[in-house]
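Close look at the chain arrangement
Below are the chains, spelled out letter by letter.
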Amino acid sequence: AISTAVERVFSQGHHLLSFTRNRLQGSSIRAFLCLGSWARHDLILFEDLVAAVKTNSKRKQESSD
């Protein structure tokens, strides 16, 4: 069966919500879906994303000290 883009996004969102038990805000869910799509289309590298998150976490920790 051929699914439309909307059906695929809905399915991905369902898997994300089931996994996180609905604890994420809508903006976080949209961000995860976008990042997943970009990664699948080779628009971003997973390693670059991890590095950015680590840098941001480090900055937050330093500013709270």
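You'll find the structure just up there.
Residues numbered from 1 in each chain as written. Predicted model: local features only at pLDDT ≥ 70, side-chain atom pairs only at ≥ 80, totals over all residues. Heavy atoms only, no water.

It is worth spelling out the overall build of the chain at this point. In terms of helices and strands, the chain carries three helices and zero strands. Scanning the chain from its N terminus toward the C terminus, one meets helices and strands in the order α-α-α. Expressed as a percentage of the 65 residues in the chain, the buried residues total 6%. Accessible surface, the chain as shown: approximately 5900 Å² in total, 59% of it carbon and sulfur. (Helix = DSSP H or I, 4+ residues; strand = E, 2+ residues; numbered from the N terminus. Buried < 20%, exposed > 50% of the residue type's maximum accessible area, 1.4 Å probe, protein only. Areas by Shrake-Rupley, 256 points an atom, 1.4 Å probe, with all protein chains shown as cover.)

Over its 19 residues, helix H3 (residues 46-64) extends 27 Å from the first C-alpha to the last, a length consistent with the 27 Å expected when each residue adds 1.5 Å. Counting buried residues in H3 gives zero out of 19 residues, a small share hidden from the surface. (Expected span 1.5 Å × (residues − 1).)

Attention now goes to unusual backbone geometry. A positive phi is found at Asp42, a non-glycine position, where the angle reads about 55°. Examined against the element boundaries, Asp42 turns out to sit in the loop between helix H2 (26-40) and H3. With a relative accessible area of 67%, Asp42 lands in the exposed category.

Within an α-helix, residues lying three or four positions from one another point in the same direction, as the helix has 3.6 residues per turn. When the terminal C-alpha atoms of H2 are compared, their 21 Å separation across 15 residues agrees well with the 21 Å that a helix rising 1.5 Å per residue should span. Following H2 by one or two positions, Asp42 adopts a phi angle in the positive range, close to 55°.

Now for the environment of Ile44. On the secondary structure map, Ile44 appears in the loop between H2 and H3. Other than its neighbours up to four places away in sequence, Ile44 contacts Leu35, Trp38 and Ala39. (Contact = heavy atoms within 4.5 Å.)

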